[in-house]
Amino acid sequence: MSKTTIKAKQAPAKVPGIYKVDSVRDVAESLNIPNLPESVASALASDVEYRLQQVVEEAARFMRHAKRTTLTTSDVDQALRVLNIEPLYGHFPHNPPSFRRALPFPQMQNAGSVYFVEDEEIEFDRVLREEKITMPKGVSWTAHWLAVEGVQPLIPENPPAAPKDADTEGKQATASVISGKQTQQQPLLVKQTLSRELNLYYARLTASLHPSTSDQTKRTAALASLRHDAGLSPLLPYLAQWVSEGVVNCLRTGSQTESDGKLLEVYLDVISAMLDNKTLGVEPYLHQLLPAVFSILLHSALPPSHATQLRTTAAQILAHLLTHYSMTYPTLPTKILKMLIIGLIEPKKPRATNEGAIRGLLAIGKSAIRLGLVERQGARIIGEKCLPGESSHLVDLVMQSFRSLHPPSQHPVPLDPNSGADQAVLESLRTQIGDFFAERIAGDAMWARGILSDDVSASL
């Protein structure tokens, strides 16, 4: 028999890769893995090398498509995004880092080349001496009125108006605008932008409306003209400013007289007449008219003989605005309700302001009353300000609001504290509207349930 010799197969020689096994061990030791097996380190190094080669191939593809011969960091970032890998931050293509080769170590002759990023040395003295460069503001958009009812407002965004027929007064007005005399600017602007007929109409209209210089007949005729005449659109900005400035001047002192009360009634009548005129577009001037109406409605020191009438008229104007302009002015209901609720539930607001807020809610409707007096606990706050057993105008106004919210029963049956359902309703009354008004409503169980819920649930 011949002896068969079995030759051992020699293992193929391993070709060293770009990513060394020692680098894998260094990373493992930094992650607190001291004893990494040789096979695991070799497998990880091979996988890292494969991933690097894959990223470089994708980056080279982007470089070729950009018709460049130099690989940049942006190519690498695009390659990482294609491979669904988070990009590397801190490297920019317009400012590539410069690498320097370190000197060889005498102790380690077999070590390869080592490269490092050279840090730039910055002298603080030179930086402080340099002129600071302020960043320019970014591009932004803003809206302004180019023209309102054919009249160009005098704002910085619009060019100054130059009338064709400039008489002597017009030239003086232009000179005053150029010189910056703000005190004479508004009266002269009326003469600039209005025709002679409208200017005369404006002067006679304001003179006829003033209580101290006219009688009731002229005032009625002026309001009727303002309510029905067409072609008064150019006068709208001046009438709105006249009303707003007049209300501020009347309420500025804090103590009003009878003449101030009559003048405030005239201003409210003017606002109502402008709103009733179908040929006037009042929407662009609501931001000037609303503060005047709220100032009269929520002011705490109106003349006693005119206070009720003034607040009632102002509340009716707010209801008119909500009825006719809530569709074209979507934020109007929110603004009006917010102002009224603030005037109602603020603890530091005086009782006169609370009365004006309640009248405004009454004019708007049931939903506003329920929101202000019940849900926001406005009645509870007012009851805390009242004395036990008090019977005042403010208390009667709150009770009137509850009657408009839900009518009382013709044959009232009081709530029974011994009944579980009635006891729950009574507790809810005390929580929502307070003890003061809960005692007045507890004598009518159906009325109490109707105030706490809507009409449908109350009827059930």
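Residues numbered from 1 in each chain as written. Predicted model: local features only at pLDDT ≥ 70, side-chain atom pairs only at ≥ 80, totals over all residues. Heavy atoms only, no water.

### Let's talk about helix α14 (residues 351–364)
Stage number 1. In this model, α14 (14 residues) spans 20 Å end to end at C-alpha, consistent with the 20 Å of a helix rising 1.5 Å per residue.
Stage number 2. The buried fraction of α14 is high, at 10 of 14 residues.
Stage number 3. Taken as a whole, α14 has its buried residues at Ala352, Thr353, Asn354, Glu355, Gly356, Ala357, Ile358, Arg359, Gly360 and Leu361.
Stage number 4. Each element contacted by the buried residues of α14 is listed here: α11 (286–298), α12 (307–325), α13 (332–345), α15 (366–375), α16 (378–385) and α17 (393–405).
Stage number 5. A positive backbone phi angle near 145 degrees is found at Gly365, which sits one or two residues after α14. (Helix = DSSP H or I, 4+ residues; strand = E, 2+ residues; numbered from the N terminus. Expected span 1.5 Å × (residues − 1). Buried < 20%, exposed > 50% of the residue type's maximum accessible area, 1.4 Å probe, protein only. Contact = heavy atoms within 4.5 Å.)

### Some thoughts on the pattern of salt bridges
Stage number 1. This structure, assessed with the given rule, holds 12 salt bridges.
Stage number 2. Ionic pairing is found between Glu390 and Arg351, a salt bridge with its closest N-O pair at 2.6 Å. Of this pair, Glu390 sits in the loop between α16 and α17 while Arg351 sits in helix α14, and the two are 39 residues apart along the sequence.
Stage number 3. Residue Glu390 is classed as buried on the basis of its relative accessible area, which comes to 15%.
Stage number 4. The partner of Asp422 in a salt bridge is Arg449, with the nearest N and O atoms 2.6 Å apart. Residue Asp422 is located in helix α18 (residues 420–441), and its partner Arg449 is located in helix α19 (residues 445–452); the two are separated by 27 residues in the primary sequence.
Stage number 5. By relative accessible area, which is 13% here, Asp422 ends up buried.
Stage number 6. Residue classification places Arg449 among the partly exposed residues on the basis of a relative accessible area of 29%.
Stage number 7. When salt bridges with common partners are traced through the structure, they connect Asp22, Arg25 and Glu38 into a single cluster. (Salt bridge = Lys/Arg side-chain N within 4 Å of Asp/Glu carboxyl O.)

### A word on the packing of α15 against α17
Stage number 1. The N-to-C vectors of α15 and α17 enclose an angle of 130 degrees; their axes lie 10 Å apart at closest approach. It follows from the interaxial angle that α15 and α17 lie oblique. Where α15 crosses over α17, the handedness of that crossing is left-handed. Across from Lys366, Ile369, Arg370, Leu373 and Val374 in α15, the residues of α17 making contact are Ser401, Phe402, Ser404 and Leu405.
Stage number 2. When grouped by side-chain class, the residues that make up the contact of α15 with α17 number 5 nonpolar, 2 polar and 2 charged. (Axes fitted to C-alpha atoms, helices over the stretch in contact; angles between N-to-C directions. Parallel < 35°, antiparallel > 145°, perpendicular 65-115°, else oblique. Left-handed = near helix turned anticlockwise from the far one by under 90°. Nonpolar A, V, L, I, M, F, W, Y, C, P; charged D, E, K, R; others polar.)

### A short note on the packing of α12 against α14
Stage number 1. Across the interface, α12 lies against α14 with an axial gap of 8 Å and an inter-helix angle of 40 degrees. When the interaxial angle is binned, α12 and α14 end up oblique. Seen from above, α12 lies across α14 with right-handed handedness. Together, Thr308, Arg311, Thr312, Ala315, Gln316, Ala319 and Leu322 of α12 and Ala352, Glu355, Gly356, Arg359, Gly360, Ala363 and Ile364 of α14 make up the contact between the two elements.
Stage number 2. Across the contact of α12 with α14, the residue classes tally to 6 nonpolar, 5 polar and 3 charged.

### So, a nonpolar patch on the surface
Stage number 1. On the surface, Val27, Leu31 and Ile33 cluster together to form a nonpolar patch covering roughly 270 Å² of accessible area.
Stage number 2. Considering the arrangement of structural elements, one finds Val27 in helix α1 (residues 21–30).
Stage number 3. A residue is classified by how much of its surface remains accessible, and Val27, at 41% relative accessible area, is partly exposed. (Patch = residues over 30% accessible without salt bridge, like charges linked within 9 Å, V, L, I, M, F, W, Y side chains within 5 Å. Areas by Shrake-Rupley, 256 points an atom, 1.4 Å probe, with all protein chains shown as cover.)

### With respect to the side chain of Arg370
Stage number 1. Here Arg370 lies in helix α15.
Stage number 2. Assessed through its relative accessible area of 15%, Arg370 is described here as buried.
Stage number 3. Here Ile451 takes part through its backbone oxygen, which lies 2.7 Å from a polar atom of the side chain of Arg370. (Polar contact = N/O pair within 3.5 Å; in protein donor to acceptor, adjacent residues only side chain to side chain.)

### Thoughts on the packing of aromatic side chains
Stage number 1. Counting across every chain of the model gives 4 aromatic pairs.
Stage number 2. With centroids separated by 6.4 Å and ring planes inclined at 65 degrees, the aromatic side chains of Tyr202 and Tyr238 adopt a geometry described as edge-to-face. Linking Tyr202 in helix α7 (residues 196–209) with Tyr238 in helix α9 (residues 236–251), this pair joins segments that are 36 residues apart in sequence.
Stage number 3. Given the relative accessible area of 16%, Tyr202 is considered buried.
Stage number 4. Residue classification places Tyr238 among the buried positions, given a relative accessible area of 7%.
Stage number 5. Among the aromatic residues, those joined into a cluster by ring pairs are Phe402, Phe436 and Phe437. (Phe/Tyr/Trp six-rings, centres within 6.5 Å; stacked < 30°, edge-to-face > 60°.)

### A short note on unusual backbone geometry
Stage number 1. Of note in the backbone geometry, Lys67 takes a positive phi value of approximately 55 degrees without being a glycine.
Stage number 2. Examined against the element boundaries, Lys67 turns out to sit in the loop between α2 (38–65) and α3 (73–82).
Stage number 3. Judged by relative accessible area, Lys67 falls into the exposed class, the value being 78%.
Stage number 4. Although it is not a glycine, Gln377 sits at a positive phi angle of roughly 60 degrees.
Stage number 5. Secondary-structure assignment places Gln377 in the loop between α15 and α16.
Stage number 6. With a relative accessible area of 28%, Gln377 lands in the partly exposed category.

### A few points about the confidence of the model for the chain
Stage number 1. Across the chain, the average pLDDT comes to 81, with 86% of residues at 70 or higher.
Stage number 2. Low pLDDT (under 50) marks residues 173–192, which in the prediction has 20 contacts with non-local residues, meaning those over four places away or in another chain. (pLDDT = per-residue confidence, 0-100.)

### Description of the environment of Pro153
Stage number 1. In this structure, Pro153 sits in the loop between α4 (124–129) and α5 (168–179).
Stage number 2. Once the C-alpha coordinates of Pro153 and Pro237 are considered, the two residues, 84 residues apart in sequence, prove to be 9.1 Å apart.
Stage number 3. Once residues lying within four places of it in the same chain are set aside, the contact partners of Pro153 are Trp145, Leu146, Ala147, Val148 and Asn158.

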